[in-house]
Amino acid sequence: MKRLVLVDGNALLHRAYHATPPLTTSKGELINAVFGFTSMILKELSDLKPDYMAIAWDEKGPTFRHQAYTQYKATRGPTDDGLSSQYNRVYEVVRALNIPEFRLSGYEADDLIGTLAKQARNLEVIILTGDRDIMQLIDKNIKVLMPKKTLSDVGLYGEEEFVLRYGFSPIQMIDYKALAGDASDNIPGVAGIGDVSATKLIQKFGSIEKIYNPKNLKTLPERMQKLLAEGAELAVMSKQLATLDLKAPIKLDLSV
């Protein structure tokens, strides 16, 4: 089976910037993110030996998630000037390596990656990212490669590795975030429901729809019932925010 590697450009570049010590050219231009990003791309080209590779980028401006919840990602500050100044150099590197790029107004890179991954039906897909949102895509043909503490420290997650770490199936990451929320994206979740409670609820019932079935809800302690009842609308909205759009209007063309 041929291999397609899909890269979350923004996540990887952000990781490279914070994992690489400050480096400058002889003219004083900061290039640590460029160096780190390029190093990771070249490493995975060497290690994974993909038959195909593509990079997806976030576009500036609101997405359909901001329309559903105006506070989506509102807690994120502006991009560090040291990082934003390096984007154009990184784009130059990507073009020099002749790697196809995808970006689309109104969609996040994760949505584009998810769409492309699902279109690659007869390929092994490895997604290179630092964002666990994308882990909901993991299945028998799709794996996620997550950089960790250093540029050379990575973890490859298939279905088995994911379940071992999180205790539920990859697709249930959506329900987990619907309950526990996600501070990095400012997804609210249900107030008072933390990581442990969310995991236990998912392990017991499987999804927020089943959790909120009156018959199942009544089996829970009164305090838990109260928290879930008060946060019902936020749970539904949070699941919507956490769910990737796998039908973005882009097409995987392997002949290019």
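Here, the structure is the one placed above.
Bear in mind that the values here come from a model prediction, so they are computed numbers and not experimental data. (Residues numbered from 1 in each chain as written. Predicted model: local features only at pLDDT ≥ 70, side-chain atom pairs only at ≥ 80, totals over all residues. Heavy atoms only, no water.)

Caption draft 1: Up close: the packing of helix 2 (residues 32-48) against helix 5 (residues 87-96). It is the contact of helix 2 with helix 5, at a shortest axis distance of 9 Å, that shows an interaxial angle of 25°. As judged from the angle between their axes, helix 2 and helix 5 are roughly parallel. Crossing geometry of helix 2 relative to helix 5 is assigned as right-handed. When helix 2 is examined against helix 5, the residues Val-34, Phe-37 and Thr-38 are found in contact with a partner set consisting of Arg-89, Val-90, Val-93 and Val-94. When its residues are assigned to classes, the contact of helix 2 with helix 5 shows five nonpolar, one polar and one charged. (Axes fitted to C-alpha atoms, helices over the stretch in contact; angles between N-to-C directions. Helix = DSSP H or I, 4+ residues; strand = E, 2+ residues; numbered from the N terminus. Parallel < 35°, antiparallel > 145°, perpendicular 65-115°, else oblique. Left-handed = near helix turned anticlockwise from the far one by under 90°. Contact = heavy atoms within 4.5 Å. Nonpolar A, V, L, I, M, F, W, Y, C, P; charged D, E, K, R; others polar.)

Caption draft 2: Region of the structure containing the pattern of salt bridges. Throughout the structure, instances matching the rule amount to 14 salt bridges. With a closest N to O distance of 3.9 Å, Arg-103 and Glu-59 form a salt bridge. In this pair, Arg-103 sits in the loop between strand 3 (101-102) and helix 6 (109-119) while Glu-59 sits in the loop between strand 2 (52-56) and helix 3 (64-68), placing the two residues 44 residues apart along the sequence. For Lys-239, the salt bridge identified is with Glu-209, shortest N-O distance 2.9 Å. Placement of Lys-239 in helix 13 (residues 232-242) and of Glu-209 in helix 10 (residues 208-211) is noted, with a sequence separation of 30 residues between them. According to the relative accessible area criterion, Lys-239 is buried, its value standing at 17%. A single network of salt bridges, built from pairs that share partners, joins Glu-29, Arg-89 and Glu-92. (Salt bridge = Lys/Arg side-chain N within 4 Å of Asp/Glu carboxyl O. Buried < 20%, exposed > 50% of the residue type's maximum accessible area, 1.4 Å probe, protein only.)

Caption draft 3: Examining the environment of Arg-223 more closely. Structurally, the position occupied by Arg-223 is in helix 12 (residues 222-230). The class of Arg-223 is exposed, set by a relative accessible area of 60%. A C-alpha to C-alpha distance of 39 Å links Arg-223 and Gly-106, two positions 117 residues apart in sequence.

Caption draft 4: Focus on the pairing of strand 5 (residues 142-147). Most of strand 5 sits out of view: five of its six residues are buried. Pairing of strand 4 (residues 124-128) with strand 5, which is carried by four bridges, proceeds in the parallel orientation. Looking at strand 5, one finds that Leu-128 is bridged to Leu-145. (Pairing = 2+ DSSP bridges.)

Caption draft 5: Examining the nonpolar core more closely. In this structure, Leu-6, Val-125, Ile-127, Leu-179, Leu-201 and Leu-228 are the most contacted members of the largest nonpolar core, which totals 48 residues. With five residues, the top contributor of residues to this core is helix 6. Apart from residues no more than four positions distant in its own chain, Ile-127 is found in contact with Leu-6, Ile-113, Ile-134, Leu-137, Ile-142, Lys-143, Val-144 and Leu-145. Counting 25 residues, the second-largest nonpolar core is a separate cluster that includes Ala-33, Val-34, Leu-48 and Val-93. (Core = buried A, V, L, I, M, F, W, Y, C linked by side-chain atoms within 4.5 Å.)

Without other data, these values stay purely geometric and don't point to any function.
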